Amino acid sequence: MQPNEQELMMALRGGLRGRFRQSFHLLEAAFEVLDDRMAHCVTPDEYETMQPILRQITEQLLSLQRLGEHAADAAIAPVLHQACAPRAMDLLGQLRELAELLNEILLQESVEATVRVEAAENLGVLLTMGDDTLLNGLLANLVSNSLAAGTPVQITLSCEPGRLYYRDNGPGLPEDAAALLENGVWSDRLLEQGGLGLPLIRAYAAAMGWALTVEREAGICVCFSLPPCTLDLGSMVLESTAGTPSQRQRRRQDLWRELHPVLPQTPET
């Protein structure tokens with residue numbers, strides 16, 4: 001894909017995301033006005049009885065926002081590998097920062113879940129090719145699946161040369177979900193119920209050149225085979241985890257938005 005085509009594809013993704021967000025913010029503003037009017041036009045007891053419905057509307061609005069962003073990604077998923085330009089990264093460092101941010105969110109939201117990173121002995125860095133934005137989406141979708149199965153959840157990111165393992169202590173993926181994640185094959189059940197997060201995980205991994213397999217064992221266990229870092233190590237500039245405070249906050253917000261539908265419904269701070 002030529003550079004101008006890459007720009008057009010990413011512009012499509014950004015434009016769709018922006019349109020969905022604009023619609024969401026308009027609906028959110030309208031809902032806040034309606035909520036305020038109701039609070040002043042009905043009795044306190046009547047308003048209290050309506051709270052479950054109001055919370056459900058709020059939850060559905062946020063779920064629609066997330067679905068819209070997934071749909072924007074899905075629009076370019078078939079050619080995401082052509083639009084993405086993986087860069088050299090220390091994956092171990094990236095995962096440690098992501099685990100720290102995820103644990104902050106889970107603690108803040110009072111979710112019984114933890115994310116930890118394990119590394120093989122003497123593995124100080126894990127060099128591979130990747131993209132920090134796609135890695136965000138990949139990990140957030142995996143964590144969302146783990147949390148959706150119920151808590152408490154223990155998630156482990158195990159690193160060894162050329163491999164990353166994502167594991168949790170849940171019930172594991174149904175066979176048709178594992179087949180969708182591994183081979184892109186949709187079952188009738190998933191076509192009816194939806195399963196957009198799984199093909200997005202597959203698309204994110206493929207765009208970075210990561211092959212994945214699902215290991216059939218207790219809990220979710222996805223193995224990513226990592227491409228070697230073939231660049232000149234002497235001149236290589238790694239994807240850094242030491243971003244500015246604003247970059248870290250933006251990364252945290254992206255993770256929170258992805259996880260929100262499976263978190264207790266409390267406002268973000």
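Right above here is the structure, for reference.
My aim in this report is to walk through the structure given alongside it, one point at a time.

1. Topic: the overall build of the protein chain
- Looking only at helices and strands, one finds 10 helices and seven strands in the protein chain.
- Taking all 269 residues of the protein chain together, 42% fall into the buried category.
- Residue pairs at least 24 apart in sequence account for 74% of intrachain contacts in the protein chain once pairs closer than 6 positions are excluded.
- Carbon and sulfur atoms form 55% of the exposed surface of the protein chain, whose accessible area is close to 14100 Å².

2. Section: the packing of aromatic side chains
- Under the definition given, this model contains one aromatic pair.
- Taken together, a centroid distance of 6.0 Å and an interplanar angle of 65° make the contact between W210 and F224 edge-to-face. Of this pair, W210 sits in the loop between α9 (197-207) and β6 (211-214) while F224 sits in strand β7 (residues 221-225); the two residues are 14 residues apart in sequence, bridging distant segments of the chain.
- For W210, a relative accessible area of 3% puts it in the buried group.

3. Here's the deal with helix α7 (residues 175-183)
- The element α7 is extensively covered by neighbouring structure, given that seven of its nine residues are classed as buried.
- Looking only at α7, the buried set comprises D176, A177, A178, A179, L180, L181 and E182.
- Just downstream of α7, G184 is the residue with a positive phi angle, here 75°.

4. Let's talk about the sheet that holds β7
- Read from one edge of the open sheet, five strands run β2-β4-β5-β7-β6, paired in mixed fashion. One side of each edge strand has no neighbouring strand; the edge strands of this open sheet are β2 (113-119) and β6. Put simply, the sheet's adjacent strands are angled 15° from each other on average, direction ignored.
- The sheet contact formed by β6 and β7 spans four bridges and is antiparallel. When the bridges of β7 are listed, L212 appears paired with F224.
- The strands touched by helix α5 (residues 91-108) within the sheet are β2, β4 (153-160) and β5 (163-168), with β2 carrying the most contacts at an inclination of about 165°.

What counts as what
- Along every chain, residues carry numbers that run from 1 in the direction the sequence is written.
- Residues qualify for local features only when their pLDDT is at least 70, as the model is predicted, and side-chain atom pairs are given and counted only at 80 or more; totals for whole chains, interfaces and linings, by contrast, use all residues.
- Excluded from the side-chain calculation are hydrogens and water; included are all heavy atoms of the structure.
- Under the scheme used here, helices are H or I runs from DSSP no shorter than 4 residues and strands are E runs no shorter than 2 residues, and both carry numbers assigned from the N terminus.
- Accessibility here uses a 1.4 Å probe with only protein chains present; expressed as a share of the type maximum, an area under 20% marks a residue as buried, one over 50% as exposed, and anything in between as partly exposed.
- Residue contacts are defined here by distance: any two heavy atoms, one from each residue, within 4.5 Å place the two residues in contact.
- Shrake-Rupley sampling with a 1.4 Å probe provides the accessible areas, and residues are treated as covered by the protein chains on show and by no other component.
- Whether two aromatic rings pair depends on their centres lying within 6.5 Å, for rings of Phe, Tyr and Trp, where Trp uses its six-membered ring; planes under 30 degrees apart make the pair stacked, over 60 edge-to-face, and the rest tilted.
- Paired strands are those between which DSSP finds at least two bridges.
- Only the stretch in contact is used when fitting a helix axis, every axis being a line fitted to C-alpha atoms; angles between N-to-C directions are given from 0 to 180 degrees.

In short, geometric facts, not functional conclusions.
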